[in-house]
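One letter stands for each residue in the lines below.
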Amino acid sequence: MANLDETDRRILGVLDTDPRRPVALIAQDLGLARGTVHSRLDRLESGGYLRAHSSRIPQALGRGVAASILVELDQHQITAAIDALSRIPEVLECFAPAGDTDLLLRVVAKDPDDLYRVAEVVRLCPGILRTSTSLFLREVIPYRVSALLQAE
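To keep things clear, this report deals only with the structure shown in the data block.

Analysis parameters
- Within every chain, residues take consecutive numbers counted from 1 along the sequence as written.
- At least 70 in pLDDT is required for a residue's local features to be given in this predicted model, at least 80 for side-chain atom pairs to be given and counted, and no such filter applies to totals for whole chains, interfaces and linings, which use all residues.
- Remark: hydrogens and water are excluded; side-chain values derive from all non-hydrogen atoms of the structure.
- We treat two strands as partners when DSSP finds at least two bridges between them.
- Under the scheme used here, helices are H or I runs from DSSP no shorter than 4 residues and strands are E runs no shorter than 2 residues, and both carry numbers assigned from the N terminus.
- Here, axes are lines fitted to C-alpha atoms. For helices the fit covers the stretch in contact, and angles between N-to-C directions go from 0 to 180 degrees.
- By definition, residues are in contact when any of their heavy atoms lie within 4.5 Å.
- We call a crossing left-handed when the near helix sits turned anticlockwise from the far one by less than a right angle, and right-handed when that turn is clockwise.
- The classification used treats Ala, Val, Leu, Ile, Met, Phe, Trp, Tyr, Cys and Pro as nonpolar, Asp, Glu, Lys and Arg as charged, and all other residues, Gly among them, as polar.
- Salt bridge, as used here, is a side-chain nitrogen of Lys or Arg placed within 4 Å of a carboxyl oxygen of Asp or Glu.
- For this analysis, a nonpolar core means a set of buried residues of the types Ala, Val, Leu, Ile, Met, Phe, Trp, Tyr and Cys, connected via side-chain atoms within 4.5 Å.
- Using a 1.4 Å probe on the protein chains alone, a residue whose accessible area is under 20% of its type maximum counts as buried, one over 50% counts as exposed, and one in between counts as partly exposed.
- Comment: arc refers to directions from the helix axis out to C-beta atoms.

**Focus: the sheet that holds strand 1 (residues 65-73)**
The strands making up a sheet associate through backbone hydrogen bonding, with each pair oriented either parallel or antiparallel. One open sheet holds the four strands; their spatial order is 2-3-1-4, and the pairing between them is antiparallel. Each edge of the open sheet carries a strand with a single partner, namely strand 2 (91-95) and strand 4 (128-136). Averaged over all pairs of adjacent strands, the angle between strand axes in this sheet comes to 20°, irrespective of strand direction. Pairing of strand 1 with strand 4 involves eight bridges; the strand directions are antiparallel. Residue pairing for strand 4: Ala 67 is matched across the bridge by Leu 135. Helix-sheet contacts for helix 4 (residues 78-86) involve strand 1, strand 2, strand 3 (103-109) and strand 4, and the interaxial angle to strand 3 is about 20°.

**What about the packing of helix 2 (residues 23-30) against helix 3 (residues 34-46)?**
Put simply, helix 2 and helix 3 touch, their axes get as near as 8 Å, and they point 115° apart. For the crossing formed where helix 2 meets helix 3, the hand is right-handed. For the pair helix 2 and helix 3, the contacting residues are Val 23, Ala 24, Ile 26 and Ala 27 in the first and Arg 34, Val 37, His 38 and Leu 41 in the second. Classifying every residue of the contact of helix 2 with helix 3 by side-chain character gives six nonpolar, one polar and one charged.

**What about the pattern of salt bridges?**
Evaluated as defined, the whole model comprises eleven salt bridges. The shortest N-O distance in the salt bridge between Arg 40 and Asp 5 comes to 2.8 Å. One end of the pair, Arg 40, is in helix 3; the other, Asp 5, is in the segment before helix 1 (6-17), and 35 residues separate them in sequence. The residue Asp 8 makes a salt bridge to Arg 43 at a minimum N-O spacing of 3.6 Å. You can see Asp 8 sitting in helix 1 and its partner Arg 43 sitting in helix 3, a full 35 residues away along the chain. A single network of salt bridges, built from pairs that share partners, joins Asp 5, Asp 8, Arg 40 and Arg 43.

**Thoughts on the nonpolar core**
The biggest cluster of nonpolar side chains holds 20 residues, and the ones touching the most others in it are Ile 69, Val 71, Leu 85, Leu 105, Val 107, Val 122 and Ile 128. It is strand 1 that provides the largest number of residues to this core, a total of five residues. Residue contacts for Leu 105: discarding those within four places in its chain leaves Ala 67, Ser 68, Ile 69, Val 71, Leu 85, Val 91, Glu 93, Cys 94 and Val 122. One finds Ile 11, Leu 12, Leu 30 and Val 37 within the second-largest nonpolar core, a separate group that totals twelve residues.

**Examining the side chain of Ser 68**
Following the sequence through the fold, Ser 68 ends up in strand 1. Discounting residues that sit within four places of it in the chain, Ser 68 has contacts with Leu 104, Leu 105, Ser 132, Thr 133, Ser 134 and Phe 136.

**Looking at the environment of Ser 134**
As for its placement among the helices and strands, Ser 134 is situated in strand 4. Classification of Ser 134 as partly exposed rests on a relative accessible area of 35%. Along the sequence, Ser 134 and Thr 36 sit 98 residues apart, while their C-alpha atoms lie 44 Å from each other.

**With respect to helix 4**
Along an α-helix, residues three or four apart share an orientation, since each turn contains 3.6 residues. For helix 4, every residue scored as buried is listed here: Ala 81, Ala 84 and Leu 85. Along helix 4, the residues classed as buried sweep out an arc of 100° about the axis, all on the same side. Structural note: helix 4 exposes Thr 79 and Ser 86 on the side pointing more than 90 degrees away from its buried face. Those residues of helix 4 that are buried are in contact with strand 1, strand 2, strand 3, helix 5 (112-123) and strand 4.

Okay, structure coming up:
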């Protein structure tokens, strides 16, 4: 699904506000048939347009500290590094950005001491030459797409 039509955008807008909203209520809110909403959600999900519903659970699991870790790699060991990082439960996301940083991680921890432990586990992965950790003090704009949906 390369392009989202107005109906897809409206459904995604509702889900941005309430990701667990039942199909029947989405249909009612938007004046659409329940079957239409259900089939659209199936297409959006199979197309990779929906995030998992559990994206906010780290705090519920006692992992209230969040941080980013910038990683510099030995380019010959990138596969080994990514494989090792994928086995660290506190690593929520890993990006390969453009620029001087090889990888950018979003991690969670129980407290600052636990963040130090997590950062050390990351630093000791094969192929990792250097890391830099930045603690997130607070979330000022939560993950959202509604503004983006309205901009197009």
